[in-house]
Amino acid sequence: GARQFDSQVSLIAACRRRFPDLRSIIFVGGERFGLVRFDREGGYRGARMNSSCAAGTGSFLDQQARRLGFSGIEELVCRALASTTPAPKISTRCAVFARTDLAHAQQAGYSLPEICDGLCRGLAQNIADTLLGGEKPECPVVFAGGVALNHAVRAHLEQFLGVPLLSHPNAPIFGAVGAALCLAEEGEAGGAF
């Protein structure tokens, strides 16, 4: 039978393998986001996750990209990164509010790049507020999950948190990588494959 590993344990295993000195992990995936903290010795200090609502996650941004008529999230990110002017304030705490804010921004004459940047900025603000509430995370901070590859969200999140975020092209699959590492470790310890 297939072995299963806790998703948080798997995420931590992959992040520690890539970034051994990490003190915090910010994970933003398709359905959830969270913060995992460690002490100076690398011991687990605790975690904080968002509620079960998908607002503020990757699937939320995918939904907004479709609403704006894009083929995918990549197009939304490219437009957001092209924006050089202030973005409209768009709530990402709730899909219903976001829809209303998008309509208002369009009616107010904001450009598509500004609106895309507003969505990415709003998502970053929601993540920072929900997970840290004004506190700075302990550095080094690893940014994991699919949204870690969204350079617009990442840039805004770094600005809001005031710290650099470490990431890796494999950030979206850190959970799977960590599960493989846990399985390998179990095998080395004499566990059955």
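The preceding data block contains the structure.
The structure displayed is predicted, hence computed values, not measured ones.

Draft legend 1. Expanded view of the overall build of the protein chain. Check the secondary structure of the protein chain and you find seven helices and five strands. Going residue by residue from the N terminus, the α and β elements of the protein chain occur as α-β-β-β-α-α-α-α-β-α-β-α. By the compact-globule yardstick of 16 Å for 193 residues, the protein chain fits well, its C-alpha radius of gyration being 18 Å. Along the longest, intermediate and shortest principal axes, the C-alpha atoms of the protein chain span 65 × 35 × 25 Å. Counting the 193 residues in the protein chain, one finds 42% classified as buried. Counting contacts in the protein chain only where the partners sit at least 6 residues apart, residues at least 24 apart contribute 68% of the total. Carbon together with sulfur atoms contributes 53% to the accessible area of the protein chain, which is approximately 9,800 Å² in total. Distance between charge centroids for the protein chain: 3 Å, based on 19 positive and 18 negative side chains.

Draft legend 2. Just the nonpolar core, in detail. Ranked by internal contacts, the top residues of the largest apolar core, which has 37 residues, are Ile26, Leu76 and Leu157. In terms of residue count, helix 5 (residues 112-132) provides more of this core than any other element does, ten residues in total. Apart from residues lying up to four places away in sequence, Ile26 is in contact with Gly34, Leu35, Ile127, Leu131, Leu132, Val141, Val142, Phe143, Ala144, Leu157, Leu161 and Leu165. Core analysis: the second largest hydrophobic core is formed by twelve residues, Ile12, Val36, Val142 and Phe174 among them.

Draft legend 3. Main features of the pairing of strand 2 (residues 33-38). Counting buried residues in strand 2 gives six out of six residues, a clear majority hidden from the surface. Residues of strand 2 alternate between two faces, with Phe33, Leu35 and Arg37 on one and Gly34, Val36 and Phe38 on the opposite face, all of them buried. Across five bridges, the pairing between strand 1 (residues 24-28) and strand 2 is antiparallel. Within strand 2, the residue paired with Val28 across the bridge is Phe33. Once strand 1 ends, the chain turns through four residues before running back antiparallel as strand 2.

Draft legend 4. Inspection of the environment of Arg121 at higher detail. Position of Arg121 among the secondary structure elements: in helix 5. Judged by relative accessible area, which is 32%, Arg121 ranks as partly exposed. Each C-alpha atom, one on Arg121 and one on Ala87, is 7.9 Å from the other, the two residues being 34 residues apart in sequence. Apart from the residues lying within four places of it in its own chain, the contact partners of Arg121 are His156 and Phe160.

Draft legend 5. Representation of the pattern of salt bridges. Overall, the coordinates contain five salt bridges when judged by the stated rule. Across the pair Arg23 and Glu138 runs a salt bridge, and its minimum N-O distance is 3.2 Å. Placement of the pair is Arg23 in the loop between helix 1 (7-18) and strand 1 and Glu138 in the loop between helix 5 and strand 4 (141-144), with a sequence separation of 115 residues. The exposure class assigned to Glu138 is partly exposed, which follows from its relative accessible area of 34%.

Draft legend 6. Representation of unusual backbone geometry in the model. Here the amide bond leading from Cys139 into Pro140 is cis, since omega sits at 0 degrees, within 30 degrees of zero. With respect to the helices and strands, Pro140 occurs in the loop between helix 5 and strand 4.

Draft legend 7. Representation of the packing of aromatic side chains. Inspection of the entire model under this criterion finds one aromatic pair. Each ring, one from Phe38 and one from Tyr44, has its centre 6.5 Å from the other, and the planes form 75 degrees; the classification is edge-to-face. Its relative accessible area of 0% is what places Phe38 among the buried residues. The ring of Phe5 carries Arg3 above its face, with NZ or CZ at 4.7 Å from the centroid.

Draft legend 8. Representation of the pairing of strand 3 (residues 44-49). In this structure, strand 2 lies alongside strand 3, joined through five bridges in antiparallel fashion. Looking across to strand 3, one finds that Leu35 is bridged to Arg48.

What counts and what doesn't
Residues numbered from 1 in each chain as written. Predicted model: local features only at pLDDT ≥ 70, side-chain atom pairs only at ≥ 80, totals over all residues. Heavy atoms only, no water. Helix = DSSP H or I, 4+ residues; strand = E, 2+ residues; numbered from the N terminus. Rg over C-alpha atoms; globule rule 2.2 N^0.38 Å. Buried < 20%, exposed > 50% of the residue type's maximum accessible area, 1.4 Å probe, protein only. Contact = heavy atoms within 4.5 Å. Areas by Shrake-Rupley, 256 points an atom, 1.4 Å probe, with all protein chains shown as cover. Lys, Arg positive; Asp, Glu negative; His and termini not counted. Charge placed at Lys NZ, Arg CZ, Asp CG, Glu CD. Core = buried A, V, L, I, M, F, W, Y, C linked by side-chain atoms within 4.5 Å. Pairing = 2+ DSSP bridges. Salt bridge = Lys/Arg side-chain N within 4 Å of Asp/Glu carboxyl O. Phe/Tyr/Trp six-rings, centres within 6.5 Å; stacked < 30°, edge-to-face > 60°. Lys NZ or Arg CZ within 6 Å of the ring centre and 35° of its normal.

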